[in-house]
Amino acid sequence: ARATTEGILAAPGNYLFAVYLPGGLFGPLYVGQAADLQARLPGHEMWPRALAMGATHILAHQNHSGKDARCREEQDLIARWHPPLNTQHNSPKRFG
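Scope of this entry: the structure provided in the associated data block.

What counts and how
- Residues numbered from 1 in each chain as written.
- Predicted model: local features only at pLDDT ≥ 70, side-chain atom pairs only at ≥ 80, totals over all residues.
- Heavy atoms only, no water.
- Helix = DSSP H or I, 4+ residues; strand = E, 2+ residues; numbered from the N terminus.
- Polar contact = N/O pair within 3.5 Å; in protein donor to acceptor, adjacent residues only side chain to side chain.
- Contact = heavy atoms within 4.5 Å.
- Buried < 20%, exposed > 50% of the residue type's maximum accessible area, 1.4 Å probe, protein only.
- Pairing = 2+ DSSP bridges.
- Axes fitted to C-alpha atoms, helices over the stretch in contact; angles between N-to-C directions.
- Phe/Tyr/Trp six-rings, centres within 6.5 Å; stacked < 30°, edge-to-face > 60°.
- Lys NZ or Arg CZ within 6 Å of the ring centre and 35° of its normal.

## Describing the side chain of histidine 44
- In this fold, histidine 44 is placed in the loop between α1 (37-40) and α2 (47-52).
- A distance of 3.2 Å separates a polar atom in the side chain of histidine 44 from a polar atom in the side chain of arginine 40.
- Reaching out from histidine 44, the side chain makes a polar contact with the backbone nitrogen of methionine 46 at a distance of 3.0 Å.
- With residues up to four places along the chain from it excluded, the contact list for histidine 44 reads Tyr15, Phe17 and Tyr30.

Shown next, in the form of structure tokens:
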């Protein structure tokens, strides 16, 4: 399956590749940020690896506060959830 732009705006933001877990929760597999979500997500280099790990969803939201704010949020999410496909800002613990 290919990541598509359906429902994704051409806007800056943060995103997660995630697996749906029992109880309605999501386990982040990869966290990122982009100046343009619509341009970044299709063909993303981590999507095939996320799919191989069971990814079921791409979760994204707009963040118009600038690149520094997007990067801080990305780092905070990685520190909180320890997604296995993020090698930067990450420790080995998985799913918080």
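## Some details on the pairing of strand β1 (residues 13-21)
- By the criterion of burial, β1 is predominantly enclosed, with 7 of the 9 residues buried.
- In terms of strand pairing, β1 meets strand β2 (residues 25-34) through 9 bridges, oriented antiparallel. Counted as the bridge partner of alanine 18 is proline 28 from β2.
- Counting the residues that bridge the hairpin from β1 to β2 gives 3 residues, and of these glycine 23 lies at a positive phi of roughly 85 degrees.
- Pairing between β1 and strand β3 (residues 57-62): 6 bridges, direction antiparallel. Pairing of tyrosine 15 across the sheet is with alanine 60, part of β3.

## Observations concerning the sheet that holds β3
- Taking strand neighbours across the sheet as the criterion, the 3 strands line up as β2-β1-β3 in an open arrangement whose pairing is antiparallel. Taken across any chain shown, the strands that pair with only one partner, and hence form the sheet edges, are β2 and β3. Neighbour-to-neighbour, the strand axes of this sheet turn through a mean angle of 25 degrees, independent of strand direction.
- Most of the contacts of helix α3 (residues 67-81) go to β2, to which it runs at about 150 degrees, and overall it touches β1, β2 and β3.

## Quick look at the packing of aromatic side chains
- Taken as a whole and assessed by the stated rule, the structure comprises 5 aromatic pairs.
- Considering the side-chain rings of phenylalanine 17 and tryptophan 47, the 5.0 Å spacing of their centres and the 70 degrees angle between planes classify their relative orientation as edge-to-face. Of this pair, phenylalanine 17 sits in strand β1 while tryptophan 47 sits in helix α2, and the two are 30 residues apart along the sequence.
- Its relative accessible area of 0% is what places phenylalanine 17 among the buried residues.
- Take tryptophan 47: its relative accessible area is 9%, and that puts it in the buried class.
- Put simply, the rings of Tyr15, Phe17, Tyr30 and Trp47 pair up and form one aromatic cluster.
- One residue, arginine 80, lies across the ring of tryptophan 81, its end atom 4.1 Å from the ring centre.

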